Amino acid sequence: MQFALTGHTLLVLPSAPAPGREPRRRRRPRGPYARLFDTPGALAFTLPNALARLPMGMFSVSAVLLITTVHGSYALAGAVVAATLGAGAVGGPLLARLVDRYGQARVTVPAVLLTGAGHLGLLLCVTGGAPLWAWFCCVPLTAATPNTGGMSRARWAHLYREAPAARHTANSFEQALDELCFLLGPLLAAGLCTGLAPAAGTLTAVALLVTGGLLFAAQRRTEPPTAPRPAGAARPGRAPLLLPGMPPLLVTFLCTGAVFGSLEVVTIAYADGLGLKGWAGAVLAAQAAGSGAAGLAFGLLPPPGGPVRRRMVRWVGVMAALMTLPLLVAAATGALLPLVPALLIAGMATAPAMVTGMTLLQELTPAARLNEGMSLVVTALLSGIAAGAAAGGWVVEHLPPGAAGYLTPLTAAALAAAVARGAFYSWNPVRKSTAMGPAVAPPEPPSSSSTANARSASPR
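Described below are features of the structure shown in this document.

Calculation criteria
- Residues numbered from 1 in each chain as written.
- Predicted model: local features only at pLDDT ≥ 70, side-chain atom pairs only at ≥ 80, totals over all residues.
- Heavy atoms only, no water.
- Helix = DSSP H or I, 4+ residues; strand = E, 2+ residues; numbered from the N terminus.
- Buried < 20%, exposed > 50% of the residue type's maximum accessible area, 1.4 Å probe, protein only.
- Salt bridge = Lys/Arg side-chain N within 4 Å of Asp/Glu carboxyl O.
- Phe/Tyr/Trp six-rings, centres within 6.5 Å; stacked < 30°, edge-to-face > 60°.
- Lys NZ or Arg CZ within 6 Å of the ring centre and 35° of its normal.
- Contact = heavy atoms within 4.5 Å.

Within the secondary structure, alanine 387 sits in helix H16 (residues 370–398). Relative accessible area serves as the criterion here: at 43%, alanine 387 is assigned to the partly exposed category. Distance in space between the C-alpha atoms of alanine 387 and alanine 79 is 9.2 Å, their sequence separation being 308 residues.

Here you go:
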């Protein structure tokens, strides 16, 4: 500081900044999403995981557009999509058990290679005029589809196991990333299949899955440690499928998946009936855009209070109510453009419902079997998407063309709301800490050294 003498008064003047230096400015507080990636390695596994997850929004649309272009049958396209999703639903929990026991990297590499081979084989059968039975011989290979979203969520749960607010933000971010993939995936698939070649969507999806999966598997720094058991020893914790509250939660996700699967096929058929099949991907992206925006906004909020099960019931009910909009708009206008804002609004309850469901899942499932628990949810979703795609394909071929197809996703959403309301509204679960031991790992700061020690301790 500096001093100045004025008469008999001594003044204290503030120090001038050093030459060439500006005075320090107060740093603005960082948002929850920026703080989420403070942990070393978080961004490094998120980017390739997003690359590997993008094809999940491409495979179904690419298959529908390919088969309907080559063979002209929505029922056949719906059956093939249902078979591939059903294979993933069967193989998902088995793959997740391997991930929990042997680690993400050791399982992901062969899984993405097998999945890519299955989709390429199906592509060759469809375009090469192979008999129908040969198509379905390629389907079992797609059962190895890795749950990349679940593995990413497991990494966040490990890194921020002692920070509930950060886990809430991470779950919201992951759901928004899912919706972004299902926003860009249909757009990319529809553009490639209609603008380049019918096979271009599947080829691009396979390339993205293999590249992203291999890069994700290479990120060992943030990989959760495995807990292998001696030969003949029992697995830690109860089987997630047998946990109280898990069956109705899975049925709710099953019905939610039926919403997605039927909405996809019905919207493509609706656009095709108007002679605008090439715009179907853009219209479907509106629903994903609404859900993604709602998911990001949901993550900016602090974790809501009250029982998670009650919040689950509330958001699934809102999702069912908003799903009436596509039916009403399609019936009233008979046009494609008004359907865009209707799907945008209808999707805004999807992400909060899914985030709340994932939070409830993490409360129910022991940490040692979290990958398996998340895989069961993905299995339920895939089974629902498969059933919804098959039902949607049947409806658009047997009911009058137009808005009638949108009764299918509305019915599925109403069933999801009814199951959630009946199972969780008055349910009083036993806390995991007393029923089956702690659900999270012992406290340990998520530093780079601790994750490195965990990696070195795992049997790889």
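What follows deals with the pattern of salt bridges. Within this structure, the stated rule accounts for two salt bridges. The closest approach of N and O atoms between arginine 53 and glutamate 174, which form a salt bridge, is 2.5 Å. Placement of arginine 53 in helix H2 (residues 42–53) and of glutamate 174 in helix H8 (residues 164–195) is noted, with a sequence separation of 121 residues between them. Both residues of the pair, arginine 53 and glutamate 174, belong to the buried class. A salt bridge links arginine 220 to glutamate 223; the nearest nitrogen and oxygen atoms lie 3.0 Å apart. The partly exposed category is assigned to arginine 220, whose relative accessible area is 29%. On the basis of relative accessibility, which here comes to 2%, the residue glutamate 223 falls in the buried class.

This part covers the packing of aromatic side chains. Enumeration over the complete set of coordinates arrives at six aromatic pairs. Ring geometry for tryptophan 156 and tyrosine 160: centres 6.1 Å apart, planes at 20°, overall stacked. With a relative accessible area of 1%, tryptophan 156 lands in the buried category. Through pairs of rings, three or more aromatic residues link up here, namely Phe37, Phe45, Trp156, Tyr160, Phe173 and Phe216. Stacked on the ring of phenylalanine 45, the Lys or Arg arginine 155 has its end atom at 5.4 Å from the ring centre.

Of note, threonine 148 is situated in helix H7 (residues 148–159). Here threonine 148 falls in the buried class, since its relative accessible area comes to 3%. Setting aside chain neighbours within four positions, we find threonine 148 in contact with Asn49, Ala52 and Arg53.

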